[in-house]
Amino acid sequence: MTLTLLVTHFMALGVALMVFGWVMLLQRRKQTAEKLHPRPREFFPPPMATAVRPATWLAVRSLDPKIVRAVLPDKREFFISPRLNGWVIVTGPGLPDPGDDVDGCFRFLVFLSRKLGHVQFFHIEKFSACHAWARLDEGCVTRAYAWAGETIWIQGEATLAERGLGLKYSGYGEDAGFMAAKKNALANIEKIPLLAMRWSVDPKILHRADGITRRVITTVLRLPEQKKTRSN
């Protein structure tokens, strides 16, 4: 009986030692693998999803995003949203920057409006305070304002929405000093999304992070070549 108990005891001890040795072996293998292939450390927790508003966007009154896509110039990058309350939002690096070339921006918007009808344009640069807003119908500018250190584009009568929001604007060469003009520009930047909501839609709602409604932006990279036509 004593011999049987001793044998059983040593067998149990042996099994325990084997399990312990196996665990230690796995731990060493894991440590070796981590040394060879270290994982990137996350010093900060990943940020929560937040709503994003683009710096430049178009609001096009259209029934079908495909129609908008077909009119956009070739060899440029755009992001086209689904139809939202009668509007299609266009963003992306293919859109013009009025501060770089206001004449090119004007021609781009007129071309689109001739093809698509009612087109709205918004531009915001918080660092430089450059900004712009414009409305066009059938190729005609009904209202436009752009500021890039000074007023570079002003056309049409101010709308009721602009007046109601207290947006600041001045004529060519009428800015009351750079500091005062930039202060007005920064104030305008804060109100442009509100103007977009009154004129059409704020694109920020396309990136809602509430987990309930999240509309997917359709990416259009390098649109296929289209047959170019001239507008009358």
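Here the residue index of a chain counts from 1 through its sequence in written order. pLDDT decides what is reported in this predicted model: residues at 70 or higher carry local features, side-chain atom pairs at 80 or more are listed and counted, and totals for whole chains, interfaces and linings draw on all residues regardless. With hydrogens and water set aside, each side-chain value is computed from the structure's full complement of heavy atoms.

Draft legend 1. View of the overall build of the chain. Helix and strand definitions follow DSSP, with helices as H or I runs of at least four residues and strands as E runs of at least two, each counted in order from the N terminus. When helices and strands are counted, the chain shows 5 helices and 8 strands. Element order for the chain, N to C, with α for helix and β for strand: α-β-α-β-β-α-β-β-β-β-α-α-β. Relative to its 232 residues, the chain shows a buried fraction of 36%. For this analysis, residues touch if any pair of their heavy atoms sits within 4.5 Å. Within the chain, counting contacts between residues at least 6 apart in sequence, those at least 24 apart form 63% of the total. A total of about 15300 Å² of accessible surface is found on the chain, and carbon and sulfur atoms cover 59% of it. Type-normalised accessible area, obtained with a 1.4 Å probe on protein chains alone, sets the label of each residue: buried when under 20%, exposed when over 50%, and partly exposed for intermediate values. Note on areas: these come from Shrake-Rupley sampling with a 1.4 Å probe, and a residue is covered only by the protein chains present in the view.

Draft legend 2. Summary view of helix H3 (residues 102-116). Multiplying 1.5 Å by the residue count of a helix minus one yields the expected span of that helix. Relative to the 21 Å expected for 15 residues at 1.5 Å per residue, H3 spans 21 Å between its end C-alpha atoms, a close match to the ideal helical length. Among the residues of H3, those classed as buried are Val-102, Gly-104, Cys-105, Phe-108, Leu-109, Val-110, Leu-112, Ser-113 and Leu-116.

Draft legend 3. Up close: the nonpolar core. To define a nonpolar core, start from buried Ala, Val, Leu, Ile, Met, Phe, Trp, Tyr and Cys residues and group those joined through side-chain atoms within 4.5 Å. Among the nonpolar cores identified, the biggest contains 26 residues, and Leu-58, Leu-109 and Trp-153 are the most heavily contacted of them. Only strand E1 (56-61), helix H2 (65-71), strand E2 (78-80), strand E3 (87-91), H3, strand E4 (118-124), strand E5 (131-137) and strand E6 (140-147) provide two or more residues apiece to this core. Sorting elements by how many residues they give to this core places H3 first, with 7 residues. Once you skip the residues sitting within four places of it in the chain, Trp-153 turns out to touch Val-102, Cys-105, Phe-106, Leu-109, Ala-134, Val-141, Ala-144, Tyr-145, Ala-146 and Tyr-172. Leu-84, Trp-147, Ala-181 and Trp-199 belong to the second largest nonpolar core, which has 22 residues in total.

Draft legend 4. A look at the pairing of E6. Burial within E6 is extensive, with 6 of its 8 residues counted as buried. Two strands form a pair only when DSSP identifies at least two bridges running between them. Looking at chain direction, E5 and E6 are connected through 7 bridges and run antiparallel. Within E6, the position partnered with Ala-132 by the bridge is Ala-146. Where E5 folds back onto E6 in an antiparallel hairpin, the turn is made up of 2 residues, including Glu-138, whose phi is positive at roughly 50°. Pairing of E6 with strand E7 (residues 151-156) involves 5 bridges; the strand directions are antiparallel. The residue of E7 that forms the bridge with Arg-143 is Gly-156. Following E6, the chain reverses through 3 residues before pairing antiparallel with E7; Gly-149 in that reversal takes a positive phi of roughly 90°.

Draft legend 5. Highlighting the environment of Glu-125. Residue placement: Glu-125 occurs in the loop between E4 and E5. With relative accessibility at 25%, the residue Glu-125 sits in the partly exposed group. Along the sequence, Glu-125 and Ala-185 sit 60 residues apart, while their C-alpha atoms lie 10.0 Å from each other. Residues within four places of Glu-125 in sequence aside, it is in contact with Asp-97, Cys-130 and Ile-189.

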